[in-house]
Amino acid sequence: MKIKQVTDILEELAPLVHAEDFDNVGLLVGDVEAEVKGILVTLDTMENVVDEAIATDCNLIVSFHPIIFGGLKKLTGRTYVERVVIKAIQNGIAIYSMHTALDNVQEGVNGKICEILGIAHPKILIPKKGTIEKLVTYVPLKDAEALRTSLFEAGAGNIGKYSDCSFSTQGTGSFKAGEQAHPVKGEIGEIHYEEETQIHVIYSKSHRSRILKALFENHPYEEVAYELFVLENTDQNIGMGMVGELPEPVDETEFLERVKQKMNVSVIRHSRLLEHKVNRIAILGGSGAFAIEAAKGSGAQIFITSDIKYHEFYKAEDKIVIADIGHYETEQFTKTLLVDYLTKKIPNFAIRLAESKTNPIKYL
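Residues numbered from 1 in each chain as written. Predicted model: local features only at pLDDT ≥ 70, side-chain atom pairs only at ≥ 80, totals over all residues. Heavy atoms only, no water.

J.: Can you walk me through helix H5 (residues 109–117) in this structure?
T.: Note that an α-helix has 3.6 residues per turn; residues three or four places apart therefore point the same way. The element H5 is extensively covered by neighbouring structure, given that 7 of its 9 residues are classed as buried. Among all positions in H5, only Val109, Asn110, Gly111, Lys112, Ile113, Cys114 and Leu117 are buried. After H5 finishes, the residue Gly118 shows a positive phi value of roughly 70°. (Buried < 20%, exposed > 50% of the residue type's maximum accessible area, 1.4 Å probe, protein only. Helix = DSSP H or I, 4+ residues; strand = E, 2+ residues; numbered from the N terminus.)

Structure (structure tokens):
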């Protein structure tokens, strides 16, 4: 396999268009046309991980966090980032990062936490904006059904639990073919009027290229008239964090003890306990202070996240328990998620879970 084939598979799970604007995802080091000998999956790409890739003959590292986040102006080996990049290049090792692209899908980071903690019926906590687009096109009446079907097959027309959704109106289109044109309808130099169907379909932003491919391949006209719109509607299946239910209510302390055990956590920093039973839990892997208000608004009694600062705990306001379990700890099972996914997709390929430890935080 080539690296491009592997990254295409990863982007079926977590399309890069769903990553946050500030992020740096995708292939950070390497050639998409290089052949893959083995894949090493890790949370962070540090020097010891590159050493492990070399030792295990893996020339593609699939990492959750991007080793290159800001711009690199020099490659002198003075920082850990520069040393990782230099060593990877010297040894022909590619590095691919998923980060917030994987955060923003249901089967990603937060879905895995819900699975580990037994949180049922999870829904997206903060749906992401700008992920739904609409295509409007114009086609002769007799060709409308075939074109509509091809757009559906490419992934258009899905709304929640419904598929093949569209809206159509009929009207009259006009055009005059120029000297170099090869019109399907009408004559060169003459204005032609055609009874047409105007078709509206929505689709996920991640499907745009294949929707347009289907449009151009199946539309009868030489020049296709179409319009694209980004909608303000939010996709309830794409976004940050999750909120769901426990099978039955439990004491706050009992649930937090369960979190410590299931998530392999040494210590939990939390706001004041409210002495209530809890059954609705909000989750956001990684740094989640920005989602405190959303967690409160969701009706959750406990919010599991990390990197909460001193004054941010006050935002609980005795309406929710904020529990900071550690950044690495919230994301640690992402590696297993990716190994399991890749193993199912390419079962006859060498895919390894990195053994190298990358958590920079230690506890006494």
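J.: Quick question: what am I supposed to make of the packing of aromatic side chains here?
T.: Each aromatic ring pair is summarised here by two numbers: the centre-to-centre distance and the angle between the ring planes. Taken as a whole and assessed by the stated rule, the structure comprises 4 aromatic pairs. Relative to Tyr221, the ring of Phe175 lies with its centre 5.7 Å away and its plane at 65°, an arrangement referred to as edge-to-face. In this pair, Phe175 is assigned in strand E7 (residues 167–176) and Tyr221 in the loop between helix H7 (208–218) and strand E9 (226–230), connecting sequence segments 46 residues apart. For Phe175, a relative accessible area of 27% translates into the label partly exposed. When its relative accessible area of 13% is taken as the criterion, Tyr221 is described as buried. When the ring of Phe216 is compared with that of Tyr226, the centres are 5.4 Å apart and the planes differ by 70°; the resulting orientation is edge-to-face. Taken as a pair, Phe216 in helix H7 and Tyr226 in strand E9 lie far apart in primary sequence, 10 residues in all. Among the residues examined, Phe216 registers a relative accessible area of 42% and is labelled partly exposed. (Phe/Tyr/Trp six-rings, centres within 6.5 Å; stacked < 30°, edge-to-face > 60°.)

J.: What is the right way to look at the pairing of strand E10 (residues 239–251) in this model?
T.: A regular strand places its side chains so that they alternate between the two faces of the sheet. When strand E5 (residues 120–127) meets E10, the two strands line up antiparallel, connected through 5 bridges. If you follow Ile124 over to E10, its bridge partner there is Met242. Two strands pair when backbone bridges link them, and E10 and strand E12 (residues 277–287) are joined in this way by 6 bridges, in the antiparallel orientation. Note on E12: the bridge partner recorded for Asp251 is Lys277. (Pairing = 2+ DSSP bridges.)

J.: Could you clarify how one ought to interpret the pattern of salt bridges in this entry?
T.: Pairs can form between side chains of opposite charge whenever their charged atoms are close. Using the criterion set out here, one finds 19 salt bridges in the structure. The closest approach of N and O atoms between Asp324 and Arg269, which form a salt bridge, is 2.7 Å. Taken together, the residues Asp324 in strand E14 (residues 321–324) and Arg269 in strand E11 (residues 269–270) connect sequence positions 55 residues apart. A single salt-bridge network, built from bridges that share partners, covers Glu293, Lys296 and Glu317. (Salt bridge = Lys/Arg side-chain N within 4 Å of Asp/Glu carboxyl O.)

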